[in-house]
Amino acid sequence: MTPAERSGLHAYEVVLKHIEAGILAGTHRPGDQLPPERDLAVQLAVSRSAVREAMRVLQTQGLITSSTGPGRGTRIAPARGDALARIFQLHLALSDAGTDDLTETRVALERSSAALAARRTNARSLRKLRALVAGMEEVEPVDEFNDLDTAFHVQIARTGQSELIADLTVAIRQAVREAIRTASASLPDWPRHRAELLHEHQQILSAIEAGDSAAAANLVEQHIRRAYSTLGIAGPAEARDQD
């Protein structure tokens, strides 16, 4: 009886579990090369097609990379935010999490990232934040402004030296990207909303520059809730206020 038959898993799932276990145990680290397909097939008593199927799944998840030429082979990929964002977006699409849940999760994440940014900011990070705000002052189209808006919030998380929060910020923002774009484009007075967003970003930046973590956290929460309310993407707090 093969390992797959004993475990009740499909053959490719045996390969997935084996590699995932190696990553979790620290046996496989970023940059490490995995054994050739034929060796894994023999070791795990599965077919080479099962190994290839597992590799396709892992590559789609951003956990491995494949290359040809000198040093070619399949290697464990470094952690990448876009891979986490993609997996998180798919999870949200298939779960029962609604816009209210996303709003509250985003508020919690960004309060934390803004407070950390105010405590950990440096000259280089501030230059990046100022440049993004300056960019928003120059652009008016919805899509261009929203791209800079997203980049500003992600940069706040990176200023707080938390790549995980930055990755989750991207994932949540991407999950509601189309809703935000559509609602923004449908506003009867986009210029006014744009001006409010810009003013709020300037206030958040000022609090971070001043090292005021409490103010930065409060301002970013007020900004998210006000923007979502204007766009009709209101969370529980807004719903209660409107009752």
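Below or above, wherever it landed, is the structure these notes cover. Please read all numbers here as calculations on a predicted model, not as lab measurements.

**Things to note about the overall build of the protein chain**
And then number 1: In terms of helices and strands, the protein chain carries 13 helices and two strands.
And then number 2: Taken across its 243 residues, the protein chain has 40% of its residues classed as buried.
And then number 3: Within the protein chain, contacts between residues at least 6 apart in sequence are counted, and of these 69% link residues at least 24 apart.
And then number 4: Counting only carbon and sulfur atoms, one obtains 52% of the accessible surface of the protein chain, whose full area is about 13,000 Å².

**Overview of the environment of Leu34**
And then number 1: Structurally, the position occupied by Leu34 is in the loop between α2 (11-25) and α3 (37-44).
And then number 2: Measuring from C-alpha to C-alpha, the distance between Leu34 and Ile19 comes to 8.7 Å, with 15 residues separating the pair along the chain.
And then number 3: For Leu34, the residues in contact, after removing those within four places along its chain, are Ile19, His28, Met55, Ile64, Thr74 and Ile76.

**Description of unusual backbone geometry**
And then number 1: In this structure, Ala45 takes a positive phi of about 55 degrees despite not being glycine.
And then number 2: Assignment of secondary structure puts Ala45 in the loop between α3 and α4 (48-60).

**As for empty space enclosed by the protein**
Any space left empty among the atoms is revealed by the rolling of a water-sized probe across them.
And then number 1: In this structure the tally under the stated criterion is one cavity of 30 Å³ or more.
And then number 2: Forming the boundary of the largest cavity are 15 residues, of which Asp149, Arg173, Leu197, Ala227 and Leu231 lie nearest the centre.
And then number 3: When contributions to the lining of the largest cavity are tallied by element, the ones reaching two or more residues are α8 (142-159), α10 (177-186), α11 (190-209) and α12 (213-231).
And then number 4: Classifying every residue of the lining of the largest cavity gives seven nonpolar, five polar and three charged.

Quick notes on the rules
- Residues numbered from 1 in each chain as written.
- Predicted model: local features only at pLDDT ≥ 70, side-chain atom pairs only at ≥ 80, totals over all residues.
- Heavy atoms only, no water.
- Helix = DSSP H or I, 4+ residues; strand = E, 2+ residues; numbered from the N terminus.
- Buried < 20%, exposed > 50% of the residue type's maximum accessible area, 1.4 Å probe, protein only.
- Contact = heavy atoms within 4.5 Å.
- Areas by Shrake-Rupley, 256 points an atom, 1.4 Å probe, with all protein chains shown as cover.
- 1 Å grid on protein atoms, 1.4 Å probe; cavity = no way out; pocket = protein on both sides within 12 Å on 5 of 7 lines; lining within 4 Å.
- Points joined across faces, edges and corners; volume = space filled by probe spheres on them.
- Nonpolar A, V, L, I, M, F, W, Y, C, P; charged D, E, K, R; others polar.

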